[in-house]
Amino acid sequence: MAKTKKPKHIAVAGNIGAGKTTLTEMLSKHYKWIPQFEDVDHNPYLNDFYEDMPRWSFNLQIFFLNSRLNQLLEIHHGTETVIQDRTIYEDANIFAPNLHDMGLMTKRDFDNYYKFFETLKSMVQPPDLIIYLKASVPTLVAQIQKRGREYEENIRLDYLKKLNEFYNGWIDNYKEGPLLIIDADNNKFAENEEDLGKIITSIDSKLFGLFYETSIQNQVSCINSNLSVSFSWHKKPVLPSF
């Protein structure tokens, strides 16, 4: 059997409050992957953006785009598998268009931003797998309130709803590579080991092949069978009847 190619870049995508950071942490520990997180604590525009979105929307999106590009370059030059919290595609296909759609980014700024993104996209490889956490607005709100980040207190419900619409449109048309969709309304991986196990099984299937789990089970069965034969060999042989 041919050796499975080692994945280099796994990405976790999803709306604000979907659970990306938590899942990234859990999967990095399980697979021994290197996690890359969105640096929200050192973002110089985030607080200003939530106070005055039209004024700071373009600055914020350029900051995110540059940050994500630097992450992709690190992944490209590295040798280990990296799991990334949010992708460069989300900045350009969800957040920037949503800001423009809501009148929070001018057409000139959006057009300039998206042309820049298209140039950058041609220079990088897509992830080996995108894991999309699909969550309803009530689930997002509950998660946002639970983690209690000060700069997220003023996020509007219509803002989250519009983001979800853009996410669904992007995911429906994503063709760049393998995609795994997780129902974050019903899969409580942060609290339930069985739910996390379901995600891990699906990831194994996507990365290592449809029969990866079956192959492992067959190897275990084969080992058990060999142990059984070895044990039987030491028993008194039964003479055949003629």
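Our structure's up above, just so we're on the same page.
The following paragraphs examine the structure supplied in this document.

Calculation notes
Residues numbered from 1 in each chain as written. Predicted model: local features only at pLDDT ≥ 70, side-chain atom pairs only at ≥ 80, totals over all residues. Heavy atoms only, no water. Axes fitted to C-alpha atoms, helices over the stretch in contact; angles between N-to-C directions. Helix = DSSP H or I, 4+ residues; strand = E, 2+ residues; numbered from the N terminus. Parallel < 35°, antiparallel > 145°, perpendicular 65-115°, else oblique. Contact = heavy atoms within 4.5 Å. Nonpolar A, V, L, I, M, F, W, Y, C, P; charged D, E, K, R; others polar. Expected span 1.5 Å × (residues − 1). Buried < 20%, exposed > 50% of the residue type's maximum accessible area, 1.4 Å probe, protein only. Arc of directions from axis to C-beta. Phe/Tyr/Trp six-rings, centres within 6.5 Å; stacked < 30°, edge-to-face > 60°. Lys NZ or Arg CZ within 6 Å of the ring centre and 35° of its normal.

## A word on the packing of helix 4 (residues 88-101) against helix 5 (residues 107-121)
- Close contact between helix 4 and helix 5 brings their axes to 10 Å; oriented N to C, the two are set at 170°. It follows that helix 4 is roughly antiparallel to helix 5 by the angle criterion. On helix 5, the residues touching Ile-88, Tyr-89, Asp-91, Ala-92, Asn-93, Ala-96, Pro-97 and His-100 of helix 4 are Lys-107, Phe-110, Tyr-113, Tyr-114, Phe-117 and Lys-121.
- Within the contact of helix 4 with helix 5, the residues separate by chemical class into nine nonpolar, two polar and three charged.

## Remarks on helix 5
- Over its 15 residues, helix 5 extends 21 Å from the first C-alpha to the last, a length consistent with the 21 Å expected when each residue adds 1.5 Å.
- Of the positions making up helix 5, those classed as buried are Phe-110, Tyr-113, Phe-117 and Leu-120. What you see down the axis of helix 5 is that its buried residues fit within an arc of 90°, all on one side. In helix 5, the exposed positions that point more than 90 degrees away from the buried face belong to Lys-107, Arg-108 and Lys-115.
- Where helix 5 is buried, its residues meet helix 3 (53-77) and helix 4.

## Considering unusual backbone geometry
- We note that Lys-32 has phi near 65°; this positive angle belongs to a residue other than glycine.
- With respect to the element layout, Lys-32 can be found in the loop between helix 1 (20-31) and strand 2 (34-36).
- The exposure class assigned to Lys-32 is exposed, which follows from its relative accessible area of 67%.
- With phi around 80°, Arg-86 is a residue other than glycine that occupies positive phi space.
- Residue classification places Arg-86 among the buried positions, given a relative accessible area of 6%.

## Here we look at the packing of aromatic side chains
- One pass over the full model with this rule turns up twelve aromatic pairs.
- On the basis of an interplanar angle of 40° and a centroid distance of 5.9 Å, the ring pair of Tyr-45 and Trp-56 is categorised as tilted. Here the residue Tyr-45 occupies a position in the loop between strand 2 and helix 2 (46-51), and Trp-56 occupies one in helix 3, the gap between them amounting to eleven residues.
- Judged by relative accessible area, which is 24%, Tyr-45 ranks as partly exposed.
- Judged by relative accessible area, which is 21%, Trp-56 ranks as partly exposed.
- For the ring pair Trp-170 and Tyr-174, a centre distance of 5.7 Å and an interplane angle of 70° mean the geometry is edge-to-face. Side by side, Trp-170 and Tyr-174 carry an identical accessibility label, which is buried.
- Three or more aromatic residues joined by ring pairs make a cluster, and in this case those are Tyr-89, Phe-95, Tyr-132, Tyr-167, Trp-170 and Tyr-174.
- It is Arg-55 that lies over the ring of Trp-56; its NZ or CZ is 3.8 Å from the centre.

Read these as layout, nothing more, since geometry by itself doesn't imply function.
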